[in-house]
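# Examination of the molecular architecture
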Amino acid sequence: MKILMVDDDVEITKAVETIITSLGHDFQFTNDPREGLKLIREQDQDMVIMDLSMPEVSGIDIVHDLAKDGKIKEKKIVVLTASAAGDEELKDLVGLGIHSFLKKPVDIDAIINKIEEIESS
Amino acid sequence: MAKITSSFTGKLIFMVMILSLVPLLIAGTYLYSVEIENEKESLKKRLESLSGVGAQNVGLWIEEKKITVDGIAKNNAIIADTKKLFDPQISEEELFKSRFNIQKHFSTSINQYDWLEELMIIDPKTGKVVFTTGLSSFPDSLEGEIHYEEAVNRKVGMSEVYSSKSPIKNELGQFERGVPTLLISAPIRGEVGLEGILTARINVFDINPTVKNFLTDFTSADLYLVNSDGYFLTSSAFPQTLIEMELIEKRAELELLVIVPETKQFTKIFQEKNPSITTSILQGYADYRGIPVVGALTMVPGTNWSYIAEVDEKEAYYQIELLQFWLITAFGGMGILTAIIAVIASRKLINPIKQLTTSVKEIQDDSTEFEINPTILKSNDEVSVLASALKNQMNIIEKDKKQLLEFKIALDEAAIVSILDMNERIVFANERFCETSKYSRDELLGKNTKIVNSGYHNPSFFKEIKKDLTSGKTWRGEIKNKAKDGTFFWLKSTIIPVLDEEKKISSYINVSTDITEQKIREETLLKSDQEKSITIEKQLEELKLVEKQKDEFVAMMSHELKTPLTPIKIYSTSLRRPKLLGDLNEKQMSAVESIVFNTQRLEKIVGDLLDAQKLELGKMKFDKKETKVDELMEMMFRNLVSQTKEKGGQIINHTSEKITINTDSSRLAQVLTNLINNAIDFIPKDTGKIEIKAEKTTEGVLFSVKDNGIGMTSETQKKLFKKFFQTDTSVKRKHGGTGLGLAICRGIVEALGGRIWVESQEGKGTNFYFVIPEE
């Protein structure tokens, strides 16, 4: 499965890369949200794991931008957030077409379950 | 005073005028209505006679035609020759001779009468034309036609005017189809019976002179004849207009309907026609051209034709309008004349009174001497009595005036006095006002009271004063004013609104005392107080800022802590997962488990910090919805039963009733979990017992979590719900936790509108209670 991760924190992307590549998936990541948006738009992925609070361009900005042309649902975006924001805000994002969300700190089992869920759908 | 005399004169003039004008007006109105009625009656008579005589003339015209036709039918030669026409045994030669004779006879008649166009003989048995002088061809029998049937019954009959089917002569003598024409039939009677029917075709245009040639002095008279369907039988007086209006193509006869062009309704006069009497309408109505007219209508005797005489309304009412004009002019002139006489007469009557008032006016002008023209006093009439009474009264007033002056001097000495007019302009200022304000009297008089405004008071302050005064109340208070040299002075004022005879405010009297020195002392005291409070406010603001910075720091730290926790958790849970990063030995696995466990602890602390922070800032969001409390309690029980068993204790749910409230169920569950987890921490191993319950009370739903744990002192109970409080370090070590749990519980319960408390005795267990209101 082709998986893209967008998160400004290098340690998190490194950890997830180690695990997911050892599971045999095609994993790509970026720590630059602008680059992330470009990759989501230009390439095909089976799943996108994305942080919300990032400098300059936030995950919320990216979701709103993708929601404009209606292709957001095909992208299977799983939002990964440490934000203290309320559940309301996350529900709004689900309304805009993201696949689901996971809260930081997340354990690997939850990520693997999510991948298996999307793989089997 | 001049005002009073003039109004008196005015009243007198008014009365004289009423007395003389009322009869004039009544007479005028009476004359006016009688004259107008007469004029209208005359108009009605003229119109009705026009239509009445006209209709009679048309009747005579018809009668003449009938008699003439009947005369021809009664001619012996015609009778004899007609008989031969129908004799079957007659020879061809005899028949030709008879036809020749009839032709000759008929030609003579046609030449004799202009209106006679054609003569025919009809077979009385079949109704078919057997002889004609013209071109008329009636392919069908005339049977059923009224004029023919009348003739068969030995009478003279007349048809309706109709459009000819074959070409006949029109009004210009040219042959044309569809020309209006008319038939008259008479019986040709022999010695024994009916020999035939003589039918004559009449030139309808011949009727026009009879209808129209009338001697009438109406220049706009329009006289015309219409049939029962409302079609014109004569020409109109305005053929050109009608062609322009596209109402007719060739002629009015049988083309034009007597309808109003705009409404397509029959004209009013035609609608109201009455066969027995002459109908007339004097109220202007629209005629077939749409022009307002008045008119009369009479039915022509022996027919259903209407003779209508109409005159333009303008012309008909010209005389009446002229009369109206002259009557109004005449009465108007008389009215003005009466008014002039009334004015002159009143002046003469009022002159002595005027002289008296001139004397009275002098009192106003402040001349101390009051003198009355001796001629008035001598005249010995009502006016002179009035004058001497007035003189006595004046002497009394003079005394009062002196007394008042004395009061005024006393007041001037004691107080600052000013008088303002309605527009708050200074009309009087006493010596002390001038001294205090440092303005001269000339500078003050006529100026708005704003001249001494210090700008110290709000506009609303003056509005309040004005509100009191305009409602008639006396205002008392202190006002800060500004003197000419820019210094301020305080006045303690009493302002009294002065009412005139009509109870309206005419001026304001302001009596004040100077309280400037007292005020300066007060202000000095006030200033030092204010300075103190400003310092306190500043300190408070600084404190708030520090508090805010603290809040922001904690929020940011909680968020930042989660980020490094994430890779730690991912790596440690990956190591724990079999085969993912290679399998671990038992010791390694136990170490990893410990990392995972402590990561979770750290995570909970961060979560608690965030919750406490949100509660502190009032930023925690609550999602209230219908919550089934009994089901929630059952869920709490199930979720925590295994955890309690691990510790060797038992948990019992005592909730026995169904309870539904509107609240945030997940926050409620958070409070319960927190309290139960606390209890699990403190119950003794193996004999521990936790009882939970929810029940309805008047205050709301009462939740309780009871344990048989170590309990606590009343000292501890007091501090229990404070942030970062824990019983003691040993407990802390034993049970872990941040010391935020109970503070969060209290925050949530209070935010949901309830309250939380604890009952406990050392060594005998602890009961936590909280109440959540139903709504």
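Going by the structure above, here's the rest.
The model shown is predicted, which means the values in this text are computed figures rather than measured ones. Think of each chain on its own: its residues are numbered from 1, step by step along the sequence as written. Both sets of labels track the order of writing: A upward for chains, 1 upward for ligands. Per-residue local features are limited, in this predicted model, to residues with pLDDT of at least 70; the limit for side-chain atom pairs, both in listing and counting, is 80 or more; totals at the level of whole chains, interfaces and linings are taken over all residues. Side-chain measures were taken over the full set of non-hydrogen atoms in the model, leaving aside hydrogen atoms and water.

Glancing now at the overall build of chain B. Within chain B, the regular secondary structure consists of 21 helices and 24 strands. For the exposure calls, accessible area comes from a 1.4 Å probe over protein chains only, and a residue counts as buried if that area is under 20% of its type's maximum, exposed if over 50%, partly exposed in between. Here chain B holds 775 residues, and 38% of them are scored as buried. Computed by Shrake-Rupley with a 1.4 Å probe, the accessible areas treat only the displayed protein chains as cover when residues are assessed. Summing over all exposed atoms, chain B offers an accessible surface of approximately 45,400 Å²; the carbon and sulfur share of this is 55%. In this text, helices come from DSSP runs of H or I with a minimum length of four residues, and strands from runs of E with a minimum of two, each type numbered from the N-terminal end.

This part takes up the interface of chain B and chain A. The contact criterion used is simple: two residues touch if any of their non-hydrogen atoms lie within 4.5 Å. Contacts between the two partners involve 20 residues from chain B, matched on the other side by 25 residues from chain A. Between chain B and chain A, the buried area comes to about 2,000 Å², and carbon and sulfur atoms account for 65% of it. Every case where a carboxyl oxygen of Asp or Glu lies within 4 Å of a side-chain nitrogen of Lys or Arg is listed as a salt bridge. Counting every contact that joins chain B to chain A gives two salt bridges. Across the pair Asp109(A) and Arg577(B) runs a salt bridge whose closest N-O atoms are separated by 2.7 Å. N or O atoms closer than or at 3.5 Å make up a polar contact, with two conditions inside protein: a donor-capable atom paired with an acceptor-capable one, and, for residues adjacent in sequence, both atoms drawn from side chains. Connecting chain B to chain A are four residue pairs in polar contact (both at pLDDT 80 or more). Put simply, buried area is how much 1.4 Å-probe accessible surface two parts lose in total, over both of them, once they are put together.

Now for the packing of aromatic side chains. Residue and element names in this part refer to chain B. For Phe, Tyr and Trp, where Trp contributes only its six-membered ring, two rings pair if their centres lie within 6.5 Å, and the inter-plane angle classes them as stacked under 30 degrees, edge-to-face over 60, or tilted in between. Evaluation of the coordinates by the stated rule reveals 14 aromatic pairs over all chains. For the pair Tyr456 and Trp490, a centre-to-centre distance of 5.4 Å together with 75 degrees between the ring planes defines the contact as edge-to-face. Here Tyr456 is found in the loop between helix H13 (441-444) and helix H14 (459-470), whereas its partner Trp490 is found in strand E16 (residues 488-499), with 34 residues between them in sequence. With a relative accessible area of 6%, Trp490 lands in the buried category. Each residue in the set Tyr224, Phe232 and Tyr288 is aromatic and connected to the rest through ring pairs, giving one cluster. Geometrically, a charge over a ring is one whose NZ (Lys) or CZ (Arg) sits within 6 Å of the ring centre while staying within 35 degrees of the ring normal. Against the face of Phe488 rests Lys480, its NZ or CZ located 4.5 Å from the ring centre. Cation over ring: Lys519 sits above Trp490, and NZ or CZ is 4.4 Å from the ring centre.

What follows deals with a negative patch on the surface. Together, Asp26(A), Asp44(A), Asp46(A), Glu74(A), Glu116(A) and Glu119(A) make up a negatively charged patch on the protein surface. By secondary structure assignment, the location of Asp44(A) is in the loop between helix H2 (33-42) and strand E3 (47-51). Patch membership is restricted to residues that have no salt bridge and whose relative accessible area is over 30%. Joining uses 9 Å for like charges and 5 Å for the nonpolar side chains Val, Leu, Ile, Met, Phe, Trp and Tyr. The positive count covers Lys and Arg only, the negative count covers Asp and Glu only, and His and the chain ends enter neither. Think of each charge as sitting on NZ of Lys, CZ of Arg, CG of Asp or CD of Glu.

This part is about a positive patch on the surface. Together, Lys718(B), Lys719(B), Lys722(B) and Arg746(B) make up a positively charged patch on the protein surface. Relative to the assigned elements, Arg746(B) resides in helix H21 (residues 741-751).

All right, on to the side chain of Ser109(B) then. Residues and elements named next belong to chain B. In this structure, Ser109 sits in helix H3 (residues 92-112). Looking at Ser109, the relative accessible area reads 6%, which means it is buried. In this structure, Ser109 is in contact with Ile72, Leu116 and Leu119, ignoring residues within four places of it in sequence.

The next thing to look at is the pattern of salt bridges. Counted under the stated rule, the structure contains 33 salt bridges over all chains. Close ionic contact of Glu424(B) with Lys466(B) constitutes a salt bridge, the shortest N to O distance being 2.7 Å. Here the residue Glu424(B) occupies a position in the loop between strand E13 (416-421) and strand E14 (426-429), and Lys466(B) occupies one in helix H14, the gap between them amounting to 42 residues. For Lys466(B), a relative accessible area of 39% corresponds to the partly exposed category. Note that Arg667(B) and Asp611(B) form a salt bridge whose closest N and O atoms lie 3.9 Å from each other. In this pair, Arg667(B) is assigned in helix H18 (residues 665-682) and Asp611(B) in helix H16 (residues 586-617), connecting sequence segments 56 residues apart. Residues Arg667(B) and Asp611(B) agree in their burial class; the two are buried. A cluster of three or more residues bridged by salt bridges with shared partners is formed by Asp109(A), Arg576(B), Arg577(B) and Glu593(B).

Hydrogen bonds along the backbone pair up the strands of a sheet, which may run parallel or antiparallel. Residue and element names in this part refer to chain B. A sheet is described by the order of its strands in space; here four strands give the open sequence E9-E12-E11-E10, paired in antiparallel fashion. Edge positions in the sheet fall to strand E9 (222-226) and strand E10 (279-286), since each of these pairs with one other strand and no more. On average, each strand axis in the sheet is inclined to that of its neighbour by 25 degrees, with strand direction left out of account. Should DSSP find at least two bridges between two strands, the strands are taken to pair. In this sheet, strand E12 (residues 306-312) lies alongside E9 in antiparallel orientation, the contact comprising five bridges. Bridge pairing links Leu223 to Ala309 in E12. Where helices are involved, their axes are fitted lines through C-alpha atoms of the stretch in contact, as for all axes, and angles between N-to-C directions lie from 0 to 180°.

All right, on to the nonpolar core then. All names here are of chain B. Residues grouped as a nonpolar core are buried Ala, Val, Leu, Ile, Met, Phe, Trp, Tyr and Cys residues, joined through side-chain atoms within 4.5 Å. Formed by 53 residues in total, the largest nonpolar core has its most connected members in Val58, Phe106, Leu198, Leu225, Trp305 and Tyr307. Residue contributions to this core peak at 11 residues, all from helix H1 (residues 2-73). Counting 41 residues, the second largest nonpolar core, distinct from the first, contains Met620, Val629, Leu720 and Ile744.

Each neighbour pair has its own omega, and for Lys104(A) with Pro105(A) the value is -5 degrees, a cis peptide bond. Checked against the element boundaries, Pro105(A) lands in the loop between strand E5 (100-103) and helix H5 (108-120). The phi torsion at Lys76(A) lies on the positive side, around 50 degrees, for a residue other than glycine. Accessibility expressed as a relative area gives 28% for Lys76(A), which makes it partly exposed. Here Glu424(B), not a glycine, exhibits a phi torsion of approximately 60 degrees, which is positive.

We now examine the side chain of Glu310(B). All names here are of chain B. Relative to the assigned elements, Glu310 resides in strand E12. Side-chain polar atoms of Glu310 contact the side chain of Tyr224, separated by 2.9 Å. Engagement of the side chain of Glu310 in a polar contact is seen with the side chain of Tyr285, the distance being 2.8 Å. Aside from chain neighbours lying at most four places away, what touches Glu310 is Ser220, Ala221, Asp222, Tyr224, Ile269, Tyr285, Asp287, Tyr288, Val293, Val294 and Gly295.

With three bridges joining them, strand E1 (residues 116-122) of chain B and strand E2 (residues 129-132) of chain B adopt antiparallel strand pairing. Its bridge partner being in E2(B), Ile122(B) is matched across the sheet by Val129(B).

Residue and element names in this part refer to chain B. Reading across the sheet, the five strands line up as E19-E21-E22-E24-E23 and stay open at both edges, with mixed pairing between neighbours. A single partner strand is all that each edge strand has here, and the edge strands are strand E19 (650-653) and strand E23 (755-760). Each adjacent strand pair in this sheet contributes to an overall mean axis angle of 15 degrees, direction not counted. Seen against the sheet, helix H17 (residues 629-646) touches E19, strand E21 (689-697) and strand E22 (700-707) and runs at an angle of roughly 175 degrees to E19. Across the sheet, H18 lies against E19, E21, E22 and strand E24 (766-772), angled at about 20 degrees from E22, the strand it touches most.

Okay, the packing of H18(B) against H21(B) next. Residues and elements named next belong to chain B. In contact at an axis separation of 10 Å, H18 and H21 are set at 150 degrees when each is read in the N-to-C sense. With respect to H21, the axis of H18 lies roughly antiparallel. As for the relative orientation of H18 and H21, their crossing is left-handed in sense. The segment H18 lies against H21, with Arg667, Gln670, Val671, Asn674, Leu675 and Asn678 engaging Gly741, Leu742, Ile744, Cys745, Ile748 and Val749. Here the nonpolar group is Ala, Val, Leu, Ile, Met, Phe, Trp, Tyr, Cys and Pro; Asp, Glu, Lys and Arg are the charged ones; every other residue, Gly included, is treated as polar. Here the contact of H18 with H21 is built from residues that sort into seven nonpolar, four polar and one charged. Note on angle classes: values under 35 degrees are labelled roughly parallel, values over 145 roughly antiparallel, values of 65 to 115 roughly perpendicular, and the remainder oblique. Handedness of a crossing follows from how the near helix is turned relative to the far one, being left-handed for an anticlockwise turn of less than a right angle and right-handed for a clockwise one.

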